[in-house]
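Structural features, examined
Spelled out from the first residue to the last, the chains are:
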Amino acid sequence: MSLPAIEVEGLSKVFTLHLQGGSRLPVLRGAALAVLPGECVALTGPSGAGKSTLMRTLYGNYLPQAGRIVLRANGTEVDILAAGPRAVAALRRGTIGYVSQFLRVIPRVSARDVVADPLRANGVAEAEAQARADALLARLNIPERLRRIPPATFSGGEQQRVNIARGLAWPYPVLLLDEPTASLDPANRDIVVAMINEAKARGAAIVGIFHDVEVRARVADREHAVAPLAEAA
Amino acid sequence: MSGATTASGATTASGATTASGATTASGATTAAPDAAYNFAYLDEQTKRMLRRALLKAVAIPGYQVPFASREMPLAYGWGTGGMQVTAAILGSADVLKVIDQGADDTTNAVSIRAFFARTAGVATTESTAQATVIQTRHRIPEFPLREGQTIVYQVPQPEPLRKLEPRETETRRMHAMADYGVMHVKLYEDIARHGRVTLAYDYPVLVNRRHVMAPSPIPAFDNPKMHFSPALQLFGAGREKRLYAVPPFTSVESLAFEDHPFHPWKADCACDLCGATDSYLDEVIIDDSGGKLFVCSDTDHCATRRAEGHRGAKAGHALTAAE
Amino acid sequence: MLTDAPLLEAKTVSLRFGRIAALDEVSIQVWPGEVLAVVGESGSGKTTLLRVLHGDLSPDAGQVLYAGRDIHAMAAPDRKWLARNEWGFVHQNPRDGLRMAVSAGGNIGERLMAAGARHWGNIRAAAIEWLARVEIPEDRIDDPPRKFSGGMQQRLQIARVLVMGPRIVFMDEPTGGLDVSVQARLLDLIRRLTHELGLASVIVTHDLAVARLLADRTVVMQQGRVVEQGLTDQVLDDPHHAYTQLLVSSVLQA
């Protein structure tokens, strides 16, 4: 039995809205989660329950007030909350990947370069990085003429596919997927499901949010319910 | 020695006469100084101030030392800086030569020479070899200077960086930090624009491998003479109130690039009067149809060569009769 | 790997201008290869901090350590040497960082010449290479920057700064005053070059979008104090301090 790749204990997150008179919005309290390598856990629960919050906390995008988040990968074990921002930045390079719901578009960077970036960041030579980016985009049905232009003018679905390609370009041991198939047609949805299962097969630990029940059934090994907390005064 | 007459009958290297009208053994002549003035015009305290500044200048070759420039009986731009330096170092046994663009006989050279003859009573001469102190505007004599001689340059703009950096505060900092990139930028620009460095005079030099210095508007051709010269070289800028110095046997290197080395430029011909091929030449227009002569800029050098029998292509030209 | 020392560190730096505390016990670190944004509004102290980090201003208290050395305790020529060879400074107004009467090639080559480069052909080749990297056409090499547009002047300034291969570059509102499309081009250039060259960089900006695009970590300043710092996306997406929340909520969405 291997150790979990992701181990979360006692995670608490409260938003303090200073612009609303300092009102407090607790979203997570004592959350716990464990994900083994090769396992895909789907976060479930109603809208606003805290699924995205939990996911963003795992990525270091949100800072919790309390808890432990331990990542085990590539032979190392890191408590990312104790280790600090630079540790998180280092982990994001090669250990933990995140596919968000929206593609952040950078002016003048082509779709191919968006996808090749994580490869370059991990030391892959330019030509190979471009070739692998090309292959990934081709698989996701992004034609050549779109690959060399910035994705600002793409449709929602096209942007999402570029986003997924970027998230899966590097074989991260830990993957966080937030609604990866929203805005995709059935054909492309199938391709993404296949890619997720391939990641599982190579041993990635995956945490995902899938509103589409069918997709969830095809990729998730189990579900983890995130229950909304009662709002504090 | 000089004082002899040449084959053509002209007299060389003469000066005023002594009190008794006699000629000294070296051929230079003196008159008694005008008693209304302190020796060499400036008061002793001023000379002391100048000498202190000069000592500092000699101790830091190429470094511009500020000094309290005095009112001289001629306007700024006419050699007041050089004159103050000369006045400070002159002694009664000195023999003074004054040249202006290489000539002993222009109005300014004559005036300044007469000034010191009158206020200091020193012997004067036109011979580079005989002089102990040479005050010069914009040329170094062709005849090599020797140990024991002092050459005093008149300097209009002592700051070599001024055209590139107008702020005095900045140029002082640049000298202090040896921050001379901008000087090479100027040369870079010249080469980019013209294919070569076109700077023909006041060509900046690096003195003692430390300070960049303005050698005064001498032609670039003269720069090599400054390098390891046995003479003491002093520079005075009256309007800008700075003096600087290059002690004997000090390195003076003209700034350049490895692939565009310094080239001491001169007209590609010989002196039409004496035939010299290695002296700096003036181009003289002699008639209204553009006829011209190339003549040694250093009059003493040319006259001495002619006295020794050298002849140029236009030897015997009316120019020589003017002496 | 993460126990390496910061390249640049400010330790409880304070500075008063008269009665105003321009900097109040500011502590930040910059590691090799990372981009740090310092954001805040006018009067926050961010530009003052930049000048203290670059050695132009001396703090009243605290230290600035570069590679472990106190830059304000060292002799001026040593600091000047670092400023010329290991640090770069990109001014908001390119006219402050360029010689307007000197050609583009001369502007880029000056630092090389100041450092002792004496081969004209090599200097010119380096200038041509850098013009290409900042996307200035080679045929402008002999034109002075006063003939350039604002965006091109700024790119020339960046070339002039980067030609010496500094380890850390300080930028003061590098895109301030430029048209939006020109800004985008410049930001892309800065982003690519800092990554390609592995430069550490401290960028002062009031524009959160610039921080989001360029910076790994962000420091938020208000009235001379650091009120929040962390990974850029964390500070902008999950701001904790009231002032940071105000800044983030004030950004207009196009």
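What you are looking at is a predicted structure, and each value in this text was computed from that prediction instead of being measured.

Parameters at a glance
- Residues numbered from 1 in each chain as written.
- Chains lettered and ligands numbered in written order.
- Predicted model: local features only at pLDDT ≥ 70, side-chain atom pairs only at ≥ 80, totals over all residues.
- Heavy atoms only, no water.
- Helix = DSSP H or I, 4+ residues; strand = E, 2+ residues; numbered from the N terminus.
- Buried < 20%, exposed > 50% of the residue type's maximum accessible area, 1.4 Å probe, protein only.
- Contact = heavy atoms within 4.5 Å.
- Areas by Shrake-Rupley, 256 points an atom, 1.4 Å probe, with all protein chains shown as cover.
- Buried area = accessible area lost by both parts, 1.4 Å probe.
- Salt bridge = Lys/Arg side-chain N within 4 Å of Asp/Glu carboxyl O.
- Polar contact = N/O pair within 3.5 Å; in protein donor to acceptor, adjacent residues only side chain to side chain.
- Phe/Tyr/Trp six-rings, centres within 6.5 Å; stacked < 30°, edge-to-face > 60°.
- Arc of directions from axis to C-beta.
- Core = buried A, V, L, I, M, F, W, Y, C linked by side-chain atoms within 4.5 Å.
- Domains from an automatic or database assignment.
- 1 Å grid on protein atoms, 1.4 Å probe; cavity = no way out; pocket = protein on both sides within 12 Å on 5 of 7 lines; lining within 4 Å.
- Points joined across faces, edges and corners; volume = space filled by probe spheres on them.
- Nonpolar A, V, L, I, M, F, W, Y, C, P; charged D, E, K, R; others polar.
- Pairing = 2+ DSSP bridges.
- Axes fitted to C-alpha atoms, helices over the stretch in contact; angles between N-to-C directions.
- Disulfide = S-S within 2.5 Å.
- Parallel < 35°, antiparallel > 145°, perpendicular 65-115°, else oblique.
- Left-handed = near helix turned anticlockwise from the far one by under 90°.

Some words on the overall build of chain C
On a plain count of helices and strands, chain C comes out with nine helices and ten strands. Reported as C-alpha extents along the three principal axes, the dimensions of chain C are approximately 55 × 50 × 40 Å. Taken over 254 residues, chain C has a buried fraction of 56%. Look at the contacts in chain C between residues 6 or more apart in sequence, and 66% of them connect residues 24 or more apart.

Description of the overall build of chain B
For chain B, the helix and strand inventory stands at eight helices and twelve strands. Out of the 323 residues in chain B, the part that is buried amounts to 51%. Sequence-distant contacts in chain B: of pairs separated by 6 or more residues, those separated by 24 or more amount to 61%. On chain B, roughly 14400 Å² of surface is accessible, and the fraction owed to carbon and sulfur atoms is 54%.

Observations regarding the interface of chain C and chain B
Listed per partner, the contact involves 21 residues of chain C and 19 residues of chain B. Summed over both partners, the interface of chain C with chain B buries about 1700 Å², with 61% contributed by carbon and sulfur atoms. Inspection of the region where chain C meets chain B yields two salt bridges. Where Arg99 of chain C meets Glu165 of chain B, a salt bridge forms, and the shortest distance between an N and an O atom there is 3.8 Å. Along the contact surface separating chain C from chain B lie nine residue pairs in polar contact (both at pLDDT 80 or more).

A few points about the interface of chain A and chain C
Taken together, the contact between chain A and chain C spans 25 residues of the former and 25 residues of the latter. Counting the surface chain A buries against chain C, the share from its top three residues, Leu19, Arg86 and Arg108 of chain A, is 34%. Linking chain A to chain C there are six salt bridges. With a shortest N-O distance of 3.6 Å, Asp4 of chain C and Arg86 of chain A are connected by a salt bridge.

Things to note about the packing of aromatic side chains
Residues and elements named next belong to chain B. Throughout the structure, instances matching the rule amount to 13 aromatic pairs over all chains. Relative to Phe115, the ring of Tyr41 lies with its centre 5.4 Å away and its plane at 55°, an arrangement referred to as tilted. Highlighted residues: Tyr41 in the segment before helix 1 (44-59) and Phe115 in helix 3 (residues 107-120), separated in sequence by 74 residues. In this structure Tyr41 comes out as partly exposed when scored by relative accessible area, which is 25%. Taking relative accessible area as the criterion, Phe115 reaches 15% and is therefore assigned buried.

As for helix 4 (residues 168-176) of chain B
All names here are of chain B. Buried within helix 4 we find Thr171, Met174 and His175. Down the axis of helix 4, the smallest arc covering the buried residues is 95°, so these residues share one side. Exposed residues on helix 4 whose side chains face more than 90 degrees from its buried face are Thr169 and Ala176. Buried-residue contacts for helix 4 involve helix 5 (181-194) and strand 7 (211-213).

Considerations on the nonpolar core
Counting 65 residues, the largest nonpolar core has Phe257 of chain B together with Ile108, Leu156, Ile158 and Leu162 of chain C as its most contacted members. Apart from the residues within four sequence positions on either side, Ile108 of chain C is in contact with Ala127, Trp130, Leu131, Leu156, Ala159, Arg160 and Val163 of chain C. One finds Ala111, Val114, Leu137 and Tyr172 of chain A within the second-largest nonpolar core, a separate group that totals 41 residues.

So, the domain arrangement of chain C
All names here are of chain C. Per the domain assignment, the segments of chain C are domain 1 (1-86 + 172-254) and domain 2 (99-165). Summarising the inter-unit geometry, the C-alpha centres of domain 1 and domain 2 are found 26 Å apart. On the domain 2 side, the residues contacting the 14 residues of domain 1 number 14 residues. Carbon and sulfur atoms supply 61% of the area that domain 1 and domain 2 bury against each other, a total of about 1200 Å² over both sides. Between domain 1 and domain 2 we count three salt bridges in total. For Arg185, the salt bridge identified is with Glu135, shortest N-O distance 3.0 Å. The tally of links from domain 1 across to domain 2 stands at four residue pairs in polar contact (both at pLDDT 80 or more).

Focus: the pattern of salt bridges
If you walk through the whole model with that rule in mind, you get 60 salt bridges over all chains. Among the salt bridges present, the one from Glu135 of chain C reaches Arg108 of chain A, with a minimum N-O distance of 3.2 Å. Taken together, the positions of Glu135 of chain C in the loop between helix 4 (120-133) and helix 5 (150-162) and Arg108 of chain A in the loop between strand 6 (96-99) and helix 4 (111-121) put the pair across two chains. For Glu135 of chain C, a relative accessible area of 26% puts it in the partly exposed group. Judged by relative accessible area, which is 36%, Arg108 of chain A ranks as partly exposed. The closest approach of N and O atoms between Asp188 of chain C and Arg191 of chain C, which form a salt bridge, is 3.4 Å. Placement of the pair is Asp188 of chain C and Arg191 of chain C together in helix 6 (residues 180-197), with a separation of three residues, close to one helical turn. The exposure class of Arg191 of chain C is buried, given its relative accessible area of 10%. Taken together, the salt bridges that share partners define one network made up of Arg108 of chain A together with Glu135, Arg185, Asp188, Arg191 and Arg192 of chain C.

Structural notes on empty space enclosed by the protein
Scanning the model with the defined rule gives two cavities of 30 Å³ or more in all. Space inside the largest cavity adds up to approximately 50 Å³. What lines the largest cavity is simply Val90, Ile158, Leu162, Val169, Met171, Ile190, Leu193, Thr194 and Leu199 of chain C. If you tally residues by element for the lining of the largest cavity, the top one is helix 6 of chain C, at three residues. Of the residues belonging to the lining of the largest cavity, the class tally is eight nonpolar, one polar and no charged. Looking at the second largest cavity, its volume works out to about 30 Å³. Sorting the residues of the lining of the second largest cavity by element identifies helix 7 (156-168) and helix 8 (186-201) of chain A as the ones contributing at least two each. Looking at the lining of the second largest cavity residue by residue, the classes come out as seven nonpolar, no polar and no charged.

Some points on the sheet that holds strand 6 (residues 205-207) of chain B
Residue and element names in this part refer to chain B. In spatial order, the strands read 7-6-10; together these three strands make up an open sheet with antiparallel pairing. With partners counted over all chains shown, the strands left at the sheet margins are strand 7 and strand 10 (252-254), one partner each. Strand after strand, the sheet turns through a mean of 35° between neighbouring axes, direction not considered. As paired elements, strand 6 and strand 10 share three bridges and run antiparallel to each other. Paired with Val205 across the strands is Ser254, a residue of strand 10.

A closer look at the state of the cysteines
Residues and elements named next belong to chain B. Enumeration according to the criterion identifies zero disulfides over all chains in this entry. Counting only cysteine sulfurs, Cys271 is the nearest neighbor of Cys302, a cysteine outside any disulfide, at a range of 3.7 Å. Its relative accessible area of 1% is what places Cys302 among the buried residues.

Some remarks on the packing of helix 5 of chain C against helix 6 of chain C
Residues and elements named next belong to chain C. Packing of helix 5 against helix 6 leaves a shortest axis separation of 10 Å and a crossing angle of 15°. Overall, the two elements helix 5 and helix 6 adopt an arrangement that is roughly parallel. In the packing of helix 5 onto helix 6, the handedness of the crossing is right-handed. Contacts between helix 5 and helix 6 involve Gly151, Gln154, Arg155, Ile158 and Leu162 from the former and Val182, Arg185, Leu186, Leu189, Ile190, Leu193 and Leu197 from the latter. Per-class residue counts for the contact of helix 5 with helix 6 are eight nonpolar, two polar and two charged.

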